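Structural description and commentary
What follows is the residue order along each chain.
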Amino acid sequence: MNTPPAASSTHLVLIPSYNPGRTVIDTVRAARRQWNPVWVVVDGSTDGSDAWLREMAQQDPGLRVIVQAVNQGKGAAVLEGIRQAQSAGFTHALTMDSDGQHPADRIPAFMATSQAQPSAMVLGKPVFGPEAPALRVNGRKVSNAWANLETLWAGIGDSLYGFRVYPIAPLMQVMRGQRFMRRFDFDPEAVVRLCWAGVRPVNLDAPVRYLHASEGGVSHFRYLRDNALLTWMHTRLFLGFVLRLPLLAWRRLRPPEERP
């Protein structure tokens, strides 16, 4: 790293990580070239990545590693990260995956957008390459349709892409208010519930890479298990949407300058 970026006192990069293999080293290095600080929450990994990351952190004051002894899920890892970040005075966190799918070179643009519009959440809208599995690309359209219905078309570009900047305070409030959003359901439920809370989405394009196993690609997605989790999640959210429909409709009918 030739010229480390200046440390931000408000915005940090937060990387939840579970058994990513050595790909996490490249991911963290790429993020650190773009931003300072970068925090990694190791969520009960058993692949030795906690030791590699701790060794990196000993040589890099801009990197912090938080280790959870037992795997609790992506949402739980993010919650622990933002809890500690808020205690340290940070107001926003850019989340990205540890497996190399997310574009570290887009971090500065996302952070700049968040700094200019701090009350908003900045959502990555994935731009897929030819290697992207068609089942994953087309399957997410279902979740996106549900998320837009559940928020009365508040403007969610993509409900599943985890490369995004959250304002920490409203996300903490949403997560502490219920016991869900702790595993794979975190990303879509977070954007829906934040929209319900009046947090406006801003969408930015961001490429996504699907790495083959030969490139170090790791996937913990399980088609039946995770789609069942998403189905249950959207069932709950739809019931919540029905209860909130009058409020959401009132917001949509207000002039744009009066909306949150």
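The preceding data block contains the structure.
To start, this report covers the structure provided alongside it.

How each quantity is defined
- Residues numbered from 1 in each chain as written.
- Predicted model: local features only at pLDDT ≥ 70, side-chain atom pairs only at ≥ 80, totals over all residues.
- Heavy atoms only, no water.
- Helix = DSSP H or I, 4+ residues; strand = E, 2+ residues; numbered from the N terminus.
- Buried < 20%, exposed > 50% of the residue type's maximum accessible area, 1.4 Å probe, protein only.
- Salt bridge = Lys/Arg side-chain N within 4 Å of Asp/Glu carboxyl O.
- Phe/Tyr/Trp six-rings, centres within 6.5 Å; stacked < 30°, edge-to-face > 60°.
- Lys NZ or Arg CZ within 6 Å of the ring centre and 35° of its normal.
- Axes fitted to C-alpha atoms, helices over the stretch in contact; angles between N-to-C directions.
- Parallel < 35°, antiparallel > 145°, perpendicular 65-115°, else oblique.
- Left-handed = near helix turned anticlockwise from the far one by under 90°.
- Contact = heavy atoms within 4.5 Å.
- Nonpolar A, V, L, I, M, F, W, Y, C, P; charged D, E, K, R; others polar.
- Pairing = 2+ DSSP bridges.

**Brief notes about unusual backbone geometry**
One can expect most non-glycine residues to show negative phi and most peptide bonds to be in trans. Omega for the peptide link from Asn36 to Pro37 comes to 10 degrees, which places this bond in the cis form. Phi angles above zero are rare outside glycine, and Leu152 is one such case at about 55 degrees. Here Leu152 is to be found in the loop between helix 5 (134-150) and strand 6 (164-167). Of note in the backbone geometry, Met181 takes a positive phi value of approximately 65 degrees without being a glycine. Tracing the backbone through its elements, the reader meets Met181 in the loop between helix 6 (168-176) and helix 7 (186-196). Classification of Met181 as buried rests on a relative accessible area of 0%.

**Quick word on the pattern of salt bridges**
Taken as a whole, this structure holds 9 salt bridges when the rule is applied. Residues Arg140 and Asp158 are paired through a salt bridge, measuring 2.9 Å at the closest nitrogen-oxygen approach. Of this pair, Arg140 sits in helix 5 while Asp158 sits in the loop between helix 5 and strand 6, placing them 18 residues apart in sequence. Here Arg140 falls in the buried class, since its relative accessible area comes to 9%. Here the salt bridges share partners, and the residues they tie into one network are Lys74, Asp97, Arg164 and Asp187.

**Points about the packing of aromatic side chains**
Per the stated rule, a full pass over the model turns up 7 aromatic pairs. Ring pairs connect the aromatic residues Phe110, Tyr161 and Phe163, which therefore count as one cluster. Over the ring of Trp52 we find Arg22, and its NZ or CZ is 4.4 Å from the ring centre. Above the ring of Phe180, the side-chain terminus of Arg236 is found at 3.6 Å from the ring centroid.

**Looking at the environment of Ala88**
Relative to the elements of secondary structure, Ala88 occurs in the loop between helix 3 (74-87) and strand 4 (92-95). Accessibility expressed as a relative area gives 46% for Ala88, which makes it partly exposed. The sequence separation of Ala88 and Thr10 amounts to 78 residues, and the corresponding C-alpha distance is 9.4 Å.

**A short note on helix 7**
In terms of burial, helix 7 is a largely internal element, 11 of the 11 residues being buried. By the burial criterion, the buried members of helix 7 are Phe186, Asp187, Pro188, Glu189, Ala190, Val191, Val192, Arg193, Leu194, Cys195 and Trp196. Once helix 7 finishes, Gly198 follows within two positions and takes phi at roughly 95 degrees, a positive value.

**Quick notes on the packing of helix 1 (residues 23-34) against helix 2 (residues 49-59)**
Interhelical geometry of helix 1 versus helix 2 gives an angle of 30 degrees and a closest axis separation of 10 Å. As summarised for this structure, helix 1 and helix 2 are arranged roughly parallel, according to the angle between their axes. Considering how the two elements wind past one another, helix 1 and helix 2 form a crossing that is right-handed. Residue-level inspection shows Val24, Ile25, Val28 and Arg29 of helix 1 in contact with helix 2, the latter providing Ser49, Trp52, Leu53 and Met56. Residue classes in the contact of helix 1 with helix 2 are distributed as 6 nonpolar, 1 polar and 1 charged.

**Points about the sheet that holds strand 1 (residues 11-17)**
If you walk across this open sheet you meet the 7 strands as 3-2-1-4-6-5-7, and the pairing is mixed. In this open sheet, the two edge strands, each paired with only one partner strand, are strand 3 (63-68) and strand 7 (201-208). Here the strands of the sheet are splayed against their neighbours by 25 degrees on average, with no regard to which way each runs. Judged from the 8 bridges that link them, strand 5 (residues 121-128) and strand 7 form a sheet pairing that is parallel. When the bridges of strand 7 are listed, Lys125 appears paired with Asp205. Packed onto the sheet, helix 2 meets strand 2 (38-43) and strand 3 and runs at close to 150 degrees relative to strand 3.

These figures come from the coordinates and say nothing about function on their own.
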